[in-house]
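Chain by chain, the residues run as shown.
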Amino acid sequence: MALELGALELAIKKLGNRDIERFRALAETANSFIDGDRIIDAVKFTEANADFHEFLFRRADNAALIGAYQNLAVVTEMKKVLPGAEWIDPNIATEHLELVDAVAAQDLAKAQEIIRSHAQHGIETMRKAEAE
């Protein structure tokens, strides 16, 4: 979460309309593998979700920051834990789109708030999946 907050601060002022369109498309793709509180396809969701979250890191244009994020191995853990899981916090999909809206409005405080809550919902999803 802290790394994503840093990427947000570096990227938010750099993003143009095309970037926002791309960010929204990535959110919608990730969300297409979620139906309410159900994961439709955990593998495809994990890949699309990684693309969505890495977008801000790529646009921040900071190699050290993206390297640190990739070293966390979030995607690797999700690929291990989520297949077979059925439940996902229903806020995840909503937050993807809310984050895009906040970034588009250049509302840093709102985007930070969404990233914090999104991280917590992701943790809750992973904990429940591990327990299944």
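Report on the accompanying structure. On a predicted model such as this, the values are computed, not experimentally measured, just so you know.

### Topic: the packing of helix H2 (residues 17-31) against helix H3 (residues 42-60)
Phase 1: Running from N to C, H2 and H3 cross one another at 160°; their axes reach a closest spacing of 8 Å. It follows from the interaxial angle that H2 and H3 lie roughly antiparallel. H3 is crossed by H2, and the crossing has left-handed handedness. Across the interface between the two elements, Asp19, Arg22, Phe23, Leu26, Ala27, Thr29 and Ala30 from H2 touch Phe45, Ala48, Asn49, Asp51, Phe52, Phe55, Leu56 and Arg59 from H3.
Phase 2: For the contact of H2 with H3, the per-class residue count stands at nine nonpolar, two polar and four charged.

### Description of the nonpolar core
Phase 1: Counting residues in hydrophobic clusters, the biggest one holds 25 residues, and the most contacted among them are Leu8, Phe23, Phe52, Leu56, Leu99 and Val103.
Phase 2: Those elements that provide at least two residues to this core are helix H1 (2-11), H2, H3, helix H4 (63-71), helix H6 (91-104) and helix H7 (108-131).
Phase 3: The element that contributes the greatest number of residues to this core is H3, accounting for five residues.
Phase 4: Setting aside residues no more than four positions away along its own chain, valine 103 makes contact with Leu8, Ile12, Leu15, Ile20, Phe23 and Ala111.
Phase 5: Counting 16 residues, the second-largest nonpolar core is a separate cluster that includes Ile39, Ala42, Ala48 and Leu82.

### Points about the side chain of threonine 125
Phase 1: Among the secondary structure elements, threonine 125 is positioned in helix H7.
Phase 2: Within the structure, the side chain of threonine 125 is placed 3.0 Å from the backbone oxygen of histidine 121, a separation counted as a polar contact.

### Let's talk about H6
Phase 1: Over its 14 residues, H6 extends 20 Å from the first C-alpha to the last, a length consistent with the 20 Å expected when each residue adds 1.5 Å.
Phase 2: Glutamine 106 lies just past H6 and shows a positive phi near 55°.

### A short note on the pattern of salt bridges
Phase 1: By the definition in use, this model includes six salt bridges.
Phase 2: With a closest N to O distance of 3.1 Å, arginine 59 and aspartate 19 form a salt bridge. In this pair, arginine 59 sits in helix H3 while aspartate 19 sits in helix H2, placing the two residues 40 residues apart along the sequence.
Phase 3: When its relative accessible area of 27% is taken as the criterion, arginine 59 is described as partly exposed.
Phase 4: With a closest N to O distance of 2.9 Å, arginine 24 and aspartate 101 form a salt bridge. Here arginine 24 is found in helix H2, whereas its partner aspartate 101 is found in helix H6, with 77 residues between them in sequence.
Phase 5: A relative accessible area of 26% means that arginine 24 is categorised as partly exposed.

Thresholds applied
Residues numbered from 1 in each chain as written. Predicted model: local features only at pLDDT ≥ 70, side-chain atom pairs only at ≥ 80, totals over all residues. Heavy atoms only, no water. Axes fitted to C-alpha atoms, helices over the stretch in contact; angles between N-to-C directions. Helix = DSSP H or I, 4+ residues; strand = E, 2+ residues; numbered from the N terminus. Parallel < 35°, antiparallel > 145°, perpendicular 65-115°, else oblique. Left-handed = near helix turned anticlockwise from the far one by under 90°. Contact = heavy atoms within 4.5 Å. Nonpolar A, V, L, I, M, F, W, Y, C, P; charged D, E, K, R; others polar. Core = buried A, V, L, I, M, F, W, Y, C linked by side-chain atoms within 4.5 Å. Buried < 20%, exposed > 50% of the residue type's maximum accessible area, 1.4 Å probe, protein only. Polar contact = N/O pair within 3.5 Å; in protein donor to acceptor, adjacent residues only side chain to side chain. Expected span 1.5 Å × (residues − 1). Salt bridge = Lys/Arg side-chain N within 4 Å of Asp/Glu carboxyl O.

Read these as layout, nothing more, since geometry by itself doesn't imply function.
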